Amino acid sequence: MKDTKSKILTSAIHLFSAHGFRSVSMRQISNDVKISAPALYNHFKDKKTLYIAAIEESFKNKSDLLLEALTGQSKPLDSLEHFVRRLSEIQHDDPEFRHLIQRELLDGDDDRLRYLAEELFGSAFQRLMDILTELKPDGDSHGLAVMIVGMVQKPFELNPLDSFFPDSQQQHCQPDYITRQVMAILSAYFGATA
């Protein structure tokens, strides 16, 4: 039973990340797992319930990893660097996770976006804002936190297009490279306060 549920979640993550919530049916998932539709409904009462479970499975521990990266450092800028590196690694190492986020942003479903923001990333985002406030008390910690996440995420989103730009290099989507570039920008922004 648990093995079947795990197979359902694996299939759902793959299909939802590739096609989005609206384009995937319960029948497609049951066919992919090679079980009947009624058997699928024994595990998940509807597509939304399955989708939330798939999101939770895909995002499992990622919020904890991000929060962990933001704690335990003696200097706020070191915590920020650990966060940028960890977020880069997550984006790099788990393309289905990255695609699920992109799909959610494109779909724009308020309930699902609220769930992601509050339940999955809320604590890490709040801690990030606290560190940014510590580094620059008069700055806009919320706006800057969003920009930092965007600076890390965008190279991965634009990678298919980037390969056609002049001087494109594979390193542009490597966590170490992204961390160095983002931290160079942030170090310059924070200046002597860092």
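Bear in mind that the values here come from a model prediction, so they are computed numbers and not experimental data. (Residues numbered from 1 in each chain as written. Predicted model: local features only at pLDDT ≥ 70, side-chain atom pairs only at ≥ 80, totals over all residues. Heavy atoms only, no water.)

*Asks:* Outline a nonpolar patch on the surface, listing residues and values.
*Replies:* Taken together, the side chains of Leu158, Leu161 and Phe165 present a nonpolar region at the surface, about 280 Å² in accessible area. Counting through the fold element by element, Leu158 comes out in the loop between helix H10 (141-157) and helix H11 (159-162). (Patch = residues over 30% accessible without salt bridge, like charges linked within 9 Å, V, L, I, M, F, W, Y side chains within 5 Å. Areas by Shrake-Rupley, 256 points an atom, 1.4 Å probe, with all protein chains shown as cover. Salt bridge = Lys/Arg side-chain N within 4 Å of Asp/Glu carboxyl O. Helix = DSSP H or I, 4+ residues; strand = E, 2+ residues; numbered from the N terminus.)

*Asks:* Provide a residue-level description of the packing of aromatic side chains, including the pertinent values.
*Replies:* This structure, assessed with the given rule, holds 7 aromatic pairs. The interplanar angle of 65 degrees and the centroid separation of 4.5 Å between the aromatic rings of Phe59 and Phe97 together place this pair among those described as edge-to-face. Separated by 38 residues along the polypeptide, Phe59 in helix H4 (residues 47-59) and Phe97 in helix H7 (residues 95-107) bring together distant segments of the chain. The same class applies to Phe59 as to Phe97, namely buried. Taking relative accessible area as the criterion, Phe97 reaches 1% and is therefore assigned buried. (Phe/Tyr/Trp six-rings, centres within 6.5 Å; stacked < 30°, edge-to-face > 60°. Buried < 20%, exposed > 50% of the residue type's maximum accessible area, 1.4 Å probe, protein only.)

*Asks:* Requested: an account of the nonpolar core, with residues and values cited.
*Replies:* Residues Phe16, Ile29, Leu50, Phe59 and Leu80 are the most contacted members of the largest nonpolar core, which totals 50 residues. Leaving out residues up to four positions away in the same chain, Ile29 has contacts with Ile8, Ser11, Ala12, Leu15, Phe16, Val24, Leu40 and Leu50. (Core = buried A, V, L, I, M, F, W, Y, C linked by side-chain atoms within 4.5 Å. Contact = heavy atoms within 4.5 Å.)

*Asks:* Break down the packing of H4 against helix H8 (residues 110-120) for me, with residues and values.
*Replies:* Two numbers describe how H4 lies on H8: the axes approach to 12 Å, and their chain directions differ by 35 degrees. Taken as a pair, H4 and H8 cross one another with a handedness that is right-handed. Contacts between H4 and H8 involve Lys48, Tyr51, Ile52, Ile55, Glu56 and Phe59 on the former and, on the latter, Asp111, Arg112, Tyr115, Leu116 and Leu120. Taken together, the residues of the contact of H4 with H8 sort by class into 7 nonpolar, no polar and 4 charged. (Axes fitted to C-alpha atoms, helices over the stretch in contact; angles between N-to-C directions. Left-handed = near helix turned anticlockwise from the far one by under 90°. Nonpolar A, V, L, I, M, F, W, Y, C, P; charged D, E, K, R; others polar.)

*Asks:* Would you mind going over the environment of Leu15 in detail, with residue names and values included?
*Replies:* By the element assignment, Leu15 lies in helix H1 (residues 2-19). Spatially, the C-alpha atom of Leu15 lies 9.4 Å from that of Ser25, the residues being 10 residues apart in sequence. Excluding residues that lie within four positions of it along the chain, Leu15 makes contacts with Gly20, Val24, Gln28, Ile29 and Asp32.

*Asks:* Give me the lowdown on unusual backbone geometry, citing residues and values where you can.
*Replies:* With a phi angle near 65 degrees, Lys34 is a residue other than glycine that sits in the positive phi range. Relative to the helices and strands, Lys34 is located in the loop between helix H2 (26-33) and helix H3 (37-43). The class of Lys34 is exposed, set by a relative accessible area of 73%.

*Asks:* Kindly report on H8, identifying the contributing residues and their values.
*Replies:* Of the positions making up H8, those classed as buried are Arg112, Leu116 and Leu120. One side of H8 holds all its buried residues, which, seen down the axis, span an arc of 45 degrees. Of the exposed residues in H8, the ones pointing more than 90 degrees away from its buried face are Asp110 and Glu118. Buried residues belonging to H8 abut H4, helix H5 (62-69), H7 and helix H9 (122-135). In this structure Asp109 caps H8, since a side-chain oxygen of it lies 3.2 Å from the backbone nitrogen of Asp111. (Arc of directions from axis to C-beta. Polar contact = N/O pair within 3.5 Å; in protein donor to acceptor, adjacent residues only side chain to side chain.)

*Asks:* Just give me the short version of the environment of Leu9, but keep the residues and values in it.
*Replies:* Along the chain, Leu9 turns up in helix H1. Sequence-wise, Leu9 and Asn61 are 52 residues apart; in three dimensions their C-alpha atoms are separated by 16 Å.

*Asks:* Go over the layout of surface pockets with me, naming the residues and quoting the values.
*Replies:* Empty space within the largest pocket amounts to approximately 610 Å³. Along the wall of the largest pocket there are 22 residues; nearest its centre are Ala117, Phe121, Phe125, Val149 and Gln153. Of all elements in the fold, only helix H6 (76-93), H7, H8, H9 and H10 reach the threshold of two or more residues within the lining of the largest pocket. Broken down by element, the lining of the largest pocket gets its largest block of residues, 7 residues, from H10. Here the residues of the lining of the largest pocket sort into 15 nonpolar, 5 polar and 2 charged. (1 Å grid on protein atoms, 1.4 Å probe; cavity = no way out; pocket = protein on both sides within 12 Å on 5 of 7 lines; lining within 4 Å. Points joined across faces, edges and corners; volume = space filled by probe spheres on them.)

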